[in-house]
Amino acid sequence: MLNRVEEEKPVENKPKIRSVKFNVLMNMILTSSSFIFPLMTVPYASRVLGTHGTGTVAFAQSLIGYFSLFAVMGITVYGVRECARIRDDYRQLSKTVQELLIILFCTTTVVYIIFLLAVFFVPKMRDQMTLMLIFSVGIWLSSFGIDWFYQAIEQYGYITARNIVFKFIALILMFILVRRASDYELYGLVTVIAGYGSNIVNMFRLRKLISFKKENKWNFRRHFKPMFSFTVSSISSGLYSQIDIVMLGFLGTTSMVGVYQLAFKIKNVLTTAIGSVGNVMLPRLSYFNQGGKKEEFEKLLVKNFNFIISCGLALTAICIICSKRLVLLVGGDSFLSSAIPLCIIAPVMLLSPANQMLSQQMIAIGKEKAYACINFGTLILAILLSSIFVQRLGAIGAGISVTVAELLSILVRIYTLRFFVKSILKRLELWKVFAALVLASLLSIFLLGYTEIWGSFFSLLVSVGSFVACYFGVLLITRYSFLVIFVSKEREE
């Protein structure tokens, strides 16, 4: 009788798996909060701290991100796939999570010791020791945030609510603590709370979803071989994601980093908004692929590509057309030189999510080695391009290097998945997107010049509003499939 009760208990703990539409909606709300938070903090911090203060924080944040990459050893992606595959098996899921957490503890301890040594012996880090130590908390919190587990079991409602609460707390703290140009260290603390604070509650909730009781012998070795590709991929892509900021910090000046980081943040927030759908898809794609559901697998990918292309092109066009007014609104007059770098890196808002989606497909079908090689090659290419362009062109060169690297990366991924991409292209509706893009861009450019005499903010509002209305209006009129499905009442499983 006791054994029977023990068998039933895991079923009660099993969380409800929601529809893809619900998960996408939750992740878009989460991403919107990630957009709203910088929209409120960056203009304030830019005006209070200036290019030097914001540049210093951006440089420290980038370095900590690099150390965190080595600490998590690719588990952020590997953990999602492995846990998604066995999410219906409570005992096996618990065992896998226990093993991954122990691996994380070991790697994070080693990385943190190396980080402390770097703080004391690397001059640029030693000069900002207090700030570096504040950000170092993020190394531990990123390792034990275990978002990969909650993504695997598709708990996007919980992830969203948790993140919004901590961003709100960080917002209040910023307005209370950051008052002068010398408060950049306190701004660093606020950044850590906003980015990692919500991870604190994850471990407490984890006990309700899995068992920490050791029932069978741990088998760490089974993870090492498949994790190797994910580790190389994760470290390469993570290093690459901020290579422009770091190279600019080492080869340029702090003020250059301050100017560029504004364009970088605008690009990053909007890219994350589009990529949020791809993050939702990986657990479901892995689940479909494991279960041999080929038709559901391909339908999900087609919807995702339609979304990425339509939104990516729209945001790229808006950032190019309204670059000057965007940086004036977000950073003020002292950041006006950020407008040109923003125009240059704007295409990344389409290229990066598309690269991410192709990567998700490679992971889901087991092409980890090709995925790792492409990520590593892209990192090396970005370093070479940055070393050439940053020294000659500064912030503009950083933008050129990352855009060219993204373009070449997606071409290699398309070639690697050429047979799959060819079948997907037949089901896309590209002509509808390009027609909407041309009409909306022409209208936006016309209204931008016509309303300029009424002020930058009003001009930006009218230009962006008219673009969005025209763009999505044309897509609705032409019955663009993804948009029609999303606004319909049909429930997507």
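Above this text sits the structure in question.
An account of the accompanying structure is given in this report. (Residues numbered from 1 in each chain as written. Predicted model: local features only at pLDDT ≥ 70, side-chain atom pairs only at ≥ 80, totals over all residues. Heavy atoms only, no water.)

### Brief notes about the side chain of S143
Alright, step 1. Position of S143 among the secondary structure elements: in helix α6 (residues 129-143).
Alright, step 2. Of note is the side chain of S143, whose polar atom sits 2.8 Å from the side chain of T108.
Alright, step 3. In contact with S143, not counting residues within four places along its chain, are A71, V72, L104 and T108. (Helix = DSSP H or I, 4+ residues; strand = E, 2+ residues; numbered from the N terminus. Polar contact = N/O pair within 3.5 Å; in protein donor to acceptor, adjacent residues only side chain to side chain. Contact = heavy atoms within 4.5 Å.)

### What to know about helix α12 (residues 243-251)
Alright, step 1. Counting buried residues along α12, seven of its nine residues qualify, which places the element largely inside the surrounding structure.
Alright, step 2. Of all the positions in α12, only I243, D244, I245, V246, M247, L248 and G249 are classed as buried. (Buried < 20%, exposed > 50% of the residue type's maximum accessible area, 1.4 Å probe, protein only.)

### Here's the deal with the pattern of salt bridges
Alright, step 1. Under the defined criterion, the tally for this structure stands at two salt bridges.
Alright, step 2. The salt bridge involving E99 is made with K95; its shortest N-O contact spans 2.8 Å. Within this pair, E99 and its partner K95 are both found in helix α4 (residues 90-121), separated by four residues, close to a single helical turn. Accessibility classification places E99 together with K95 in one group, the buried group.
Alright, step 3. Its salt-bridge partner being D183, residue R180 comes within 3.7 Å of it at the nearest N-O pair. (Salt bridge = Lys/Arg side-chain N within 4 Å of Asp/Glu carboxyl O.)

### Looking at the nonpolar core
In globular proteins that are soluble, nonpolar side chains generally tend to be buried together.
Alright, step 1. Counting residues in each nonpolar core, the largest one holds 63 residues, and the members touching the most others are V97, W148, F149 and Y471.
Alright, step 2. When residues in this core are grouped by element, the largest group, 11 residues, is from helix α14 (residues 294-321).
Alright, step 3. Those residues in contact with F149 that lie beyond four places of it in its chain are C83, L93, V97, L206, L209 and I210. (Core = buried A, V, L, I, M, F, W, Y, C linked by side-chain atoms within 4.5 Å.)

### Considering the state of the cysteines
Alright, step 1. In this structure the tally under the stated criterion is zero disulfides.
Alright, step 2. Unpaired in this structure, C343 has its nearest cysteine sulfur neighbour in C319, at a distance of 8.5 Å. (Disulfide = S-S within 2.5 Å.)

### Looking at the packing of aromatic side chains
Alright, step 1. Taken as a whole and judged by the stated rule, the model has eight aromatic pairs.
Alright, step 2. Aromatic pair Y260 and F264: ring centres 6.4 Å apart, planes at 40 degrees, arrangement tilted. Placement of the pair is Y260 and F264 together in helix α13 (residues 254-290), with a separation of four residues, close to one helical turn.
Alright, step 3. Y260 sits in the buried class, given a relative accessible area of 0%. (Phe/Tyr/Trp six-rings, centres within 6.5 Å; stacked < 30°, edge-to-face > 60°.)

### Observations concerning the packing of helix α18 (residues 368-393) against helix α19 (residues 395-416)
Alright, step 1. Closest axis-to-axis distance for the α18/α19 pair is 8 Å, and the angle between their directions is 155 degrees. Viewed along their axes, α18 and α19 adopt a mutual orientation that is roughly antiparallel. Crossing handedness for the pair α18 and α19: right-handed.
Alright, step 2. Residue composition of the contact of α18 with α19, grouped by class: 17 nonpolar, seven polar and one charged. (Axes fitted to C-alpha atoms, helices over the stretch in contact; angles between N-to-C directions. Parallel < 35°, antiparallel > 145°, perpendicular 65-115°, else oblique. Left-handed = near helix turned anticlockwise from the far one by under 90°. Nonpolar A, V, L, I, M, F, W, Y, C, P; charged D, E, K, R; others polar.)

### A closer look at a nonpolar patch on the surface
Alright, step 1. A grouping of V404, L407, L408, L411 and I414 is seen on the molecular surface, where their side chains present a nonpolar patch of about 370 Å² in accessible area.
Alright, step 2. Note on placement: L407 falls in helix α19.
Alright, step 3. Take L407: its relative accessible area is 42%, and that puts it in the partly exposed class. (Patch = residues over 30% accessible without salt bridge, like charges linked within 9 Å, V, L, I, M, F, W, Y side chains within 5 Å. Areas by Shrake-Rupley, 256 points an atom, 1.4 Å probe, with all protein chains shown as cover.)

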